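Listed below, chain by chain, are the residues.
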Amino acid sequence: MHFRKSIVLLCVLITLISWAGCKKKTTDPVDTSLHLIYLEHLNNGCLELEEPAMAPSRDPYLVGHTIEGNDLTLTIHYEANCCPAFVDSIRLMDQTVEILIDDTLQGCRCICDYENDFAFNYSGSGALHLLFGWFNEPFSLDTTIVLP
């Protein structure tokens, strides 16, 4: 009889230890959404290309993006007047960046290729939808990048 009590007590003790070990750990949800703050547009000047671009389309394209700490730089290739006075408008919503530019000088009769930088401060991670174009025209660049 004493042996049965010991077995029952041992089973109860094992059950209590198992329940204590199964206690759920609660953690606050991690905010992984992307937050952006526009910093500046850097005009790197007219590119001096040795030969014309081989692509049949002269549409803008994303050359690439760089991340240094919390700074994100988007480098975009596009054509514009060779002596521009760029004005930009940046709209940030959800995880989409809309970049619109305009050339306010329009006095020169030549065209240049540009690879200009658009700098942002960012936090979080996720997919970033990028739209780029000229004022009063449909967006001519529509792409998505994933930020760590």
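Above this text sits the structure in question.
Read on for a plain summary of the structure. These numbers come from a predicted model, not from an experiment.

Structurally, the position occupied by Glu115 is in strand β6 (residues 111-123). For Glu115, a relative accessible area of 26% puts it in the partly exposed group. Separated by 69 residues in sequence, Glu115 and Cys46 place their C-alpha atoms 8.1 Å apart. Aside from chain neighbours lying at most four places away, what touches Glu115 is Asn44, Leu47, Tyr61, Val63, Thr75, Ile76 and His77. Within the structure, the side chain of Glu115 is placed 3.1 Å from the side chain of His77, a separation counted as a polar contact.

This part takes up the pairing of strand β4 (residues 86-93). One ladder, built from 8 bridges, connects β4 with strand β5 (residues 96-103); its direction is antiparallel. Note on β5: the bridge partner recorded for Ile90 is Ile99. Linking two consecutive strands that pair antiparallel, namely β4 and β5, is a turn of 2 residues; a positive phi of about 50° is found at Asp94 within it.

What follows concerns the pairing of strand β2 (residues 61-68). Strand direction decides the pairing type here: β2 and strand β3 (residues 71-81), joined by 7 bridges, are antiparallel. Paired with Gly64 across the two strands is Thr75, which belongs to β3.

Judged by nonpolar contacts, the single largest core of 25 residues is most densely connected at Ile76, Tyr78 and Ile99. Elements supplying a minimum of two residues to this core: β3, β5, β6, β7 (126-134) and β8 (141-147). Those residues within four positions of Ile76 in sequence are excluded, and the remaining contacts are Pro60, Tyr61, Leu62, Val63, Ile99, Tyr114, Glu115, Asn116, Phe118, Leu130, Phe132 and Leu141.

We now examine the packing of aromatic side chains. A complete count under the given rule lists 7 aromatic pairs for this structure. Measuring from ring centre to ring centre gives 6.0 Å for Tyr78 and Tyr114, while their planes differ by 25°; the resulting arrangement is stacked. Here Tyr114 lies in strand β6 and Tyr78 lies in strand β3, a separation of 36 residues in the sequence. Residue Tyr78 is classed as buried on the basis of its relative accessible area of 1%. Note on Tyr114: relative accessible area 1%, which makes it buried. Here the aromatic residues Tyr78, Phe86, Tyr114, Phe118, Phe132 and Trp134 are joined through ring pairs into a cluster of three or more.

Cut-offs applied
Along each chain, numbering runs from 1 in the same order as the chain's sequence is written. Where totals are concerned, whole chains, interfaces and linings use all residues; where local detail is concerned, this predicted model gives features only for residues with pLDDT of at least 70, and gives and counts side-chain atom pairs only at 80 or more. Side-chain metrics in this entry use all non-hydrogen atoms of the structure; hydrogen atoms and water are not considered. For helices the rule is a DSSP run of H or I covering at least 4 residues; for strands it is a run of E covering at least 2, with both sets numbered from the N terminus onward. When accessible area is computed with a 1.4 Å probe and restricted to protein chains, residues below 20% of their type maximum are described as buried, those above 50% as exposed, and intermediate ones as partly exposed. Whether two residues are in contact is decided by their heavy atoms: any pair within 4.5 Å suffices. By the criterion applied in these results, polar contacts are pairs of N or O atoms within 3.5 Å in which, for protein atoms, one can donate a hydrogen and the other can accept it, and in which residues neighboring in sequence qualify only through two side-chain atoms. Whether two strands pair comes down to DSSP finding at least two bridges between them. Side-chain atoms within 4.5 Å are what join buried Ala, Val, Leu, Ile, Met, Phe, Trp, Tyr and Cys residues into a set we call a nonpolar core. Note on ring pairs: Phe, Tyr and Trp rings are taken, using the six-membered ring of Trp, and paired if centres are within 6.5 Å. Classes follow the plane angle, with under 30 degrees stacked, over 60 edge-to-face and the rest tilted.

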